[in-house]
Amino acid sequence: MTKIAIFDYGAGNIFSLKNALEKQNATVEVQTQVDKLTGYDGIFLPGVGNFDPAIQSINRDSVDFLQVVGSTPVFGICLGMEMFFEKSQEGKEKGLGIIDGDVIVLPDTLKVPHMGWNALEIKQENKILEGVENNSWVYFVHSYRANPKNLDVIVAESDYDVKVPSIVQKENYFGTQFHPEKSGDVGALMLKNFLRECSK
């Protein structure tokens, strides 16, 4: 069985994510310390919380997250994905800097937070999208959107009056602005695909 760690930085969706992964026959452990993230086939950064406390939790023990993770596949969900970037308008702390760019608030002309289903416009093939059809619907809960400097990292977008990068990838880091654990069969398929990559 694929052994997965969920890093708990005080996020509120640990149970639903753990449950979704266990339905895919993964062995799931919740960790609160970065130095305990070794020896796993994959790591999840879950998606509920605020930017600064989440980053502070990752940096709390003065352990280099990127060094600990190495080449292990990492899946960031919503806030977890936003932490891949250099900074966010939500806070003052530096992000992980895996992807060049920042995270910006959705325009005040829109209803924020954005909560609901939107279609995926697939921009390029990706391992976690195997079997997922273009314009499949997924579930969002967010007030911010990624703003990468290099558009090549964008795997899929969604339209919420503005284009929102809904899936990004750089090397072994995969991120979704939406919540796959709340996105029905489509989200379950993405988790299954990611777990398959973790087991290689």
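Cut-offs applied
Each chain carries its own residue numbering, running from 1 in the written order of its sequence. Given that this is a predicted model, residues contribute local features only at a pLDDT of at least 70 and side-chain atom pairs are listed and counted only at 80 or more, while totals for whole chains, interfaces and linings are drawn from all residues. Side-chain descriptors were evaluated using all non-hydrogen atoms of the structure, hydrogens and water having been removed beforehand. Buried Ala, Val, Leu, Ile, Met, Phe, Trp, Tyr and Cys residues that are joined via side-chain atoms within 4.5 Å together make up what is termed a nonpolar core. Accessible area is worked out with a 1.4 Å probe on protein chains only. A residue is then buried under 20% of its type maximum, exposed over 50%, and partly exposed in between. Strands here mean DSSP runs of E at least two residues long; helices mean DSSP runs of H or I at least four residues long; both are numbered from the N terminus. Pairing of N or O atoms within 3.5 Å defines a polar contact, subject to two protein rules: one partner must be a possible hydrogen donor and the other a possible acceptor, and residues neighboring in sequence count only if both atoms are side-chain atoms. Contact criterion: two residues are considered in contact whenever any of their non-hydrogen atoms come within 4.5 Å of each other. Any pair of Phe, Tyr and Trp rings, taking the six-membered ring for Trp, is counted once the centres come within 6.5 Å. Such a pair is stacked with planes under 30 degrees apart, edge-to-face with planes over 60 apart, and tilted for the rest. We call a charge positioned over a ring when the NZ of a Lys or the CZ of an Arg lies within 6 Å of the ring centre and within 35 degrees of the ring normal. Paired strands are those between which DSSP finds at least two bridges. Under this scheme, a helix contributes an axis fitted over its contacting stretch, all axes are lines through C-alpha atoms, and angles between N-to-C directions fall in the 0 to 180 degree range. UniProt positions are given in the numbering used here, feature names are shortened, and annotations may be inferred rather than shown by experiment.

**Student:** Explain the nonpolar core here, please?
**Tutor:** For soluble globular proteins, the rule of thumb is that nonpolar side chains tend to be buried together. In this structure, L45, F65, M83, F84 and L96 are the most contacted members of the largest nonpolar core, which totals 30 residues. For this core, the secondary-structure elements that each account for two or more residues are β1 (3–7), β3 (42–45), α2 (51–59), α3 (65–69), α4 (79–82), β6 (99–105) and β10 (144–148). Element by element, the count of residues in this core is highest for α2, at four residues. Counting 28 residues, the second-largest nonpolar core is a separate cluster that includes A20, L129, F174 and L191.

**Student:** Mind showing me how you'd approach the side chain of T176 here?
**Tutor:** Mapped onto the secondary structure, T176 falls in strand β13 (residues 173–176). A relative accessible area of 0% places T176 in the buried class. A polar contact of 2.9 Å, which involves the side chain of T176, links it to the backbone oxygen of F178. Apart from residues lying up to four places away in sequence, T176 is in contact with F75, G76, I77, C78, M81, S166 and I167.

**Student:** Please explain the packing of aromatic side chains as it appears in this structure.
**Tutor:** Within a pair of aromatic rings, the relevant descriptors are the distance that separates the centres and the angle that separates the planes. Throughout the structure, instances matching the rule amount to eight aromatic pairs. With 6.2 Å between their ring centres and 45° between their planes, F7 and Y9 make a pair best called tilted. Pair check on accessibility: F7 and Y9 agree, each one buried. Joined through ring pairs, the aromatic side chains of F44, F75, F174 and F194 make up one cluster. Against the face of Y40 rests K3, its NZ or CZ located 5.0 Å from the ring centre.

**Student:** How should I be thinking about the sheet that holds strand β5 (residues 85–88) in this particular structure?
**Tutor:** Through backbone hydrogen bonds, the strands of a sheet pair up, either in parallel or in antiparallel fashion. Pairing in this open sheet of three strands is mixed, and the strands run β5-β6-β10 from one edge to the other. If you trace the sheet from one side to the other, it starts and ends with β5 and β10, each paired once. Averaged over all pairs of adjacent strands, the angle between their axes in this sheet comes to 25°, without regard to strand direction. Summarising the sheet, β5 and β6 pair through three bridges and their orientation is parallel. Residue pairing for β6: K87 is matched across the bridge by D102.

**Student:** Help me out: how do you make sense of the sheet that holds strand β2 (residues 27–31) in this one?
**Tutor:** The sheet built from eight strands is open, its strands ordered β2-β1-β3-β4-β13-β12-β11-β8 with mixed pairing. Pairing within the sheet leaves two strands with one partner each, and these edge strands are β2 and β8 (121–122). The sheet strands contacting helix α5 (residues 184–198) are β1, β3, β4 (74–77), β12 (163–170) and β13, and the helix crosses β3 at an angle near 140°.

**Student:** It is not clear to me how unusual backbone geometry should be interpreted in this structure. Could you clarify?
**Tutor:** If a residue is not glycine, its phi is most likely negative; likewise, a peptide bond is most likely trans. Between V112 and P113 the backbone carries a cis peptide bond, its omega angle lying at 0°. A positive phi is found at C78, a non-glycine position, where the angle reads about 55°. Mapped onto the elements of the fold, C78 is located in the loop between β4 and α4. Given the relative accessible area of 5%, C78 is considered buried.

**Student:** Is there a simple way to think about the environment of Q169 in this case?
**Tutor:** Considering the arrangement of structural elements, one finds Q169 in strand β12. Each C-alpha atom of the pair Q169 and N126 lies 8.6 Å from the other, and the pair is 43 residues apart in sequence. With residues near it in sequence (within four places) discarded, Q169 still touches N126, V153, V155 and F174.

**Student:** Looking at this structure, I do not really get the UniProt feature "active site" (unreviewed entry) in the protein chain. What am I missing?
**Tutor:** According to UniProt, the "active site" (unreviewed entry) feature falls on C78, H179 and E181. Across 104 residues in sequence, these annotated residues keep their C-alpha atoms within 11.3 Å of one another, forming a single compact spot. Among all residues touching C78, those that are not within four sequence positions of it are G47, V141, H142, T176, Q177, F178 and H179. Here H179 shows up in the loop between β13 and α5. Not counting residues within four places of it along the chain, the set of residues in contact with H179 comprises N13, G47, V48, I77, C78, Y139 and V141. A distance of 2.9 Å separates the side chain of H179 from the side chain of E181, its partner in a polar contact.

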